[in-house]
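# Architecture and fold: a report
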Amino acid sequence: MGELKVCQFTAQGGDDAEWPEGVYYEGKCAGGVEEVNLSMTLGRMQRQQIQELCTSYAPTFSATPGLTERAYHSIDTGNAHPIRVHPYRVSPQAKTAIEREIQDMLQMGVIRPSESAWASPVVLVPKPDGEIRFCVDYRKLNAVTRPDNYPMPRTDELLEKLGRAQFISSLDLTKGYWQVPLDESAKERSAFITHLGLYEFNVLPFGLRNAPATFQRLVDGLLAGLGEYAVAYLDDVAIFSDSWADHLEHLQKVLERIREAGLTVKAKKCQIGLNRVTYLGHQVGQGTISPLQAKVDAIQKWPVPNQIAAPLTDLTKKKQPNAVQWTRKCQKAFNKLKATLMSDPVLRAPDFDKPFLVTTDASERGVGAVLMQKGPDQEFHPVVFLSKKLSERESNWSVTEKECYAIVYALEKLRPYVWGRRFHLQTDHAALKWLHTVKETNKKLLRWSLALQDFDFDIQHISGASNKVADALSRESFPESTG
């Protein structure tokens, strides 16, 4: 392994020049194979202490995933007969990519040749950076897999713990799932088929039902007894302390647990010694917990209604002329309406003991969504508003593709709220009810469907008239606004 580097930019005017509080960076270290990123607010002595600590755990900071013996993933399919699906047709370029991925995984020991009676097809999903992600379509296997109801952590409790801290560090496990082995029966069921033949995973692949539950159980066990200063939401481990001396000690104890478990950490995704962090949709640290302003920006940035179709009641009376006067009184009422939508008790804090409802919609120029929960009055109340303007290319997609993208966009943004929990999703586009069974004839929809395999939800069709908020958010052309 190469040298481990702990990196920090130097401010203009000297090494100890002041930087704005809470500003971080991704360091670049000449000659360093692994890079750990520090808060700009740390002093010279603090950086030296982190350098010494991380160097003592250098093998733990690795781009190569480890392999723990603390957990195994099982796939319980009950009495279901083996499911075998033919491989999807792929282009010559895709075949080359599949061959490369298989060779890499064989060399790493991630997969092995298989003689299983089970077989799931492979799909290549392009990443935003142009790289290819190798995915297996486990939808049919997941459909016969019994659920693991291990609870995900309550994010409100995690936020409360981090909010009190003066120093916070985050550690990201390297290809987290691949550090968890499968038991022998699960290996057989994980088998996937390609033009090269049949292979099966030795470790936990992405896309399997219950994978989040297995991984959360692992990290909960990893941090058992350290709950006063360490928490984890899946592979995102956070260490928080009231003093710098305590923080060094806490970091050392967590790193020792990770090393003992045979796990590795992706150095360049680690952030050390921060005062405030963005965690699960909130700004936390130094005694405060603040919701991101983006949660309500979709409402706050709502434009003044078009004068031909003003939504205020007084402006829609039959006796009013087509072109009405937008008066100061109208503006005051409009501002009050927006403020009401953004305020408590209308905008509710999430209750992670109750199910969530996500509604989505798409228009010609944007997508919108709302995360909601029932309150004591048994009425649904909003928790988060989401909206995003579509690019010119995205605007040319079919109606079904736009509606599907609205779901993908919303669930990725709402991951801290809904991942690992059963929830309902409502859309006014009936065709999306077959999202879980979409065929390979539409590659875009198939890729998106696979991206949603980790989420546990059912799709409910509602009429457009009942989907007013998500519909309205999708029709406004402000930039991306999320929580």
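I will try to describe carefully the structure that is included in this document. Starting from 1, residues in each chain are numbered consecutively following that chain's sequence as written. With pLDDT at 70 or above as the cut-off, local features in this predicted model cover only qualifying residues; side-chain atom pairs require 80 or more to be listed or tallied, and sums for whole chains, interfaces and linings still use all residues. As a rule here, side-chain values cover all heavy atoms of the structure and leave hydrogens and water aside.

### Let's talk about the overall build of the protein
Along the protein, the regular secondary structure elements total 14 helices and 19 strands. Throughout this description, buried means an accessible area under 20% of the type-specific maximum (1.4 Å probe, protein chains only), exposed means over 50%, and partly exposed covers the range between. Burial analysis of the protein (483 residues in total) assigns 51% to the buried set. Nonlocal contacts in the protein, meaning residues at least 24 apart in sequence, comprise 75% of its contacts between residues at least 6 apart. Where accessible areas are quoted, they stem from the Shrake-Rupley method and a 1.4 Å probe; at the residue level, only the protein chains shown are allowed to cover. A total accessible area of about 23,600 Å² is found for the protein, and carbon and sulfur atoms account for 51% of it. Under the DSSP-based scheme used, a helix requires at least four consecutive residues in state H or I and a strand at least two consecutive residues in state E, with every element numbered from the N terminus. In this description, contact between two residues means that some pair of their heavy atoms is separated by no more than 4.5 Å.

### Quick notes on the environment of D361
Relative to the assigned elements, D361 resides in strand β15 (residues 357–362). Along the sequence, D361 and E403 sit 42 residues apart, while their C-alpha atoms lie 6.1 Å from each other.

### Remarks on the packing of helix α11 (residues 399–413) against helix α13 (residues 443–451)
Between α11 and α13, the least distance of the axes is 10 Å, while the angle of their chain directions is 25°. Between α11 and α13, the angle falls in the class roughly parallel. When the axes of α11 and α13 are compared, the crossing they make is left-handed. Here T400, E401, C404, Y405, V408 and E412 of α11 come into contact with α13, specifically with K444, L445, W448 and A451. When the residues that make up the contact of α11 with α13 are grouped by side-chain class, the tally is six nonpolar, one polar and three charged. Here an axis means a line fitted to C-alpha atoms, over the contact stretch when the element is a helix, while the angle between two N-to-C directions is reported on a 0 to 180 degree scale. Our angle categories are set so that under 35 degrees counts as roughly parallel, over 145 as roughly antiparallel, 65 to 115 as roughly perpendicular, and the remainder as oblique. The crossing is said to be left-handed when, going from far helix to near helix, the turn is anticlockwise and less than a right angle, and right-handed when the turn is clockwise. Polar here means any residue outside two lists: the nonpolar Ala, Val, Leu, Ile, Met, Phe, Trp, Tyr, Cys and Pro, and the charged Asp, Glu, Lys and Arg; Gly therefore counts as polar.

### Describing unusual backbone geometry
A positive phi angle is found at K175, which is not glycine, with a value near 40°. One can find K175 in the loop between β6 (167–172) and α5 (184–189).

### Quick look at the sheet that holds strand β16 (residues 366–374)
In this analysis, strands are considered paired if DSSP registers two or more bridges between them. What the five strands build is an open sheet, ordered β17-β16-β15-β18-β19; its pairing is mixed. Each of the sheet's edge strands pairs with one partner strand only, and the pair in question is β17 (380–389) and β19 (456–461). Within the sheet, the average angular offset between the axes of one strand and its neighbour, ignoring direction, is 20°. Both β15 and strand β18 (residues 422–427) contribute to a ladder of four bridges, which runs parallel. Its bridge partner lying in β18, V358 is registered against L425. Lying over the sheet, α11 contacts β15, β16, β17, β18 and β19, oriented at roughly 140° with respect to β15.

### Describing the packing of helix α1 (residues 44–56) against helix α7 (residues 244–260)
Look at α1 against α7: their axes get within 11 Å of each other, and the N-to-C directions meet at 15°. Here α1 lies roughly parallel to α7, going by the angle between them. The way α1 lies across α7 gives a crossing that is right-handed. From α1, Q46, Q49, I50, L53 and S56 reach across to α7, where they touch W244, L248, L251, Q252, L255 and R259. Residue composition of the contact of α1 with α7, by class: six nonpolar, four polar and one charged.

### Concerning helix α4 (residues 155–163)
Among the residues making up α4, those that are buried are T155, L158, L159, L162 and G163. In an axial view of α4, the angular spread of the buried residues amounts to 130°, which keeps them on one side of the axis. This arc describes the spread of directions from the helix axis toward the C-beta atoms.

### Focus on the packing of aromatic side chains
Only Phe, Tyr and Trp rings take part, Trp by its six-membered ring, and two of them pair if their centres are within 6.5 Å. Stacked means planes under 30 degrees apart, edge-to-face means over 60, and tilted covers everything else. Taken as a whole, this structure holds ten aromatic pairs when the rule is applied. The interplanar angle of 25° and the centroid separation of 5.9 Å between the aromatic rings of F192 and Y199 together place this pair among those described as stacked. Each member of the pair, F192 as well as Y199, is classed as buried. With a centroid separation of 5.3 Å and an interplanar angle of 25°, the aromatic rings of F423 and F457 are classed as stacked. In this pair, F423 is assigned in strand β18 and F457 in strand β19, connecting sequence segments 34 residues apart. Exposure remark for F423: the relative accessible area of 1% places this residue in the buried category. Taken together, the ring pairs in this structure connect F134, F192, Y199 and F201 into an aromatic cluster. Stacked on the ring of W178, the Lys or Arg K175 has its end atom at 5.3 Å from the ring centre. Counting as a charge over the ring demands two things of the Lys NZ or Arg CZ atom: a distance within 6 Å of the ring centre and an angle within 35 degrees of the ring normal.

### Here we look at a positive patch on the surface
Note on patches: the residues involved have over 30% relative accessible area and no salt bridge, like charges join within 9 Å, and the nonpolar side chains Val, Leu, Ile, Met, Phe, Trp and Tyr join within 5 Å. Salt bridges are defined as contacts in which a side-chain nitrogen from Lys or Arg sits within 4 Å of a carboxyl oxygen from Asp or Glu. The charge count treats Lys and Arg as positive and Asp and Glu as negative. His and the chain ends do not count. Charged side chains are reduced to one point each, which is NZ for Lys, CZ for Arg, CG for Asp and CD for Glu. A surface patch of positive charge is lined by R133, K175, K268 and K269. Mapped onto the elements, R133 comes out in strand β5 (residues 132–136).

### Looking at the pairing of β15
As a general feature of sheets, a regular strand has side chains that alternate between the two faces. Burial of β15 is extensive: six of the six residues sit out of reach of the surface. Neither face of β15 is left uncovered, since the one carrying L357, T359 and D361 and the one carrying V358, T360 and A362 both have all their residues buried. With six bridges connecting them, β15 and β16 associate as antiparallel partners. The residue of β16 that forms the bridge with T360 is A369.

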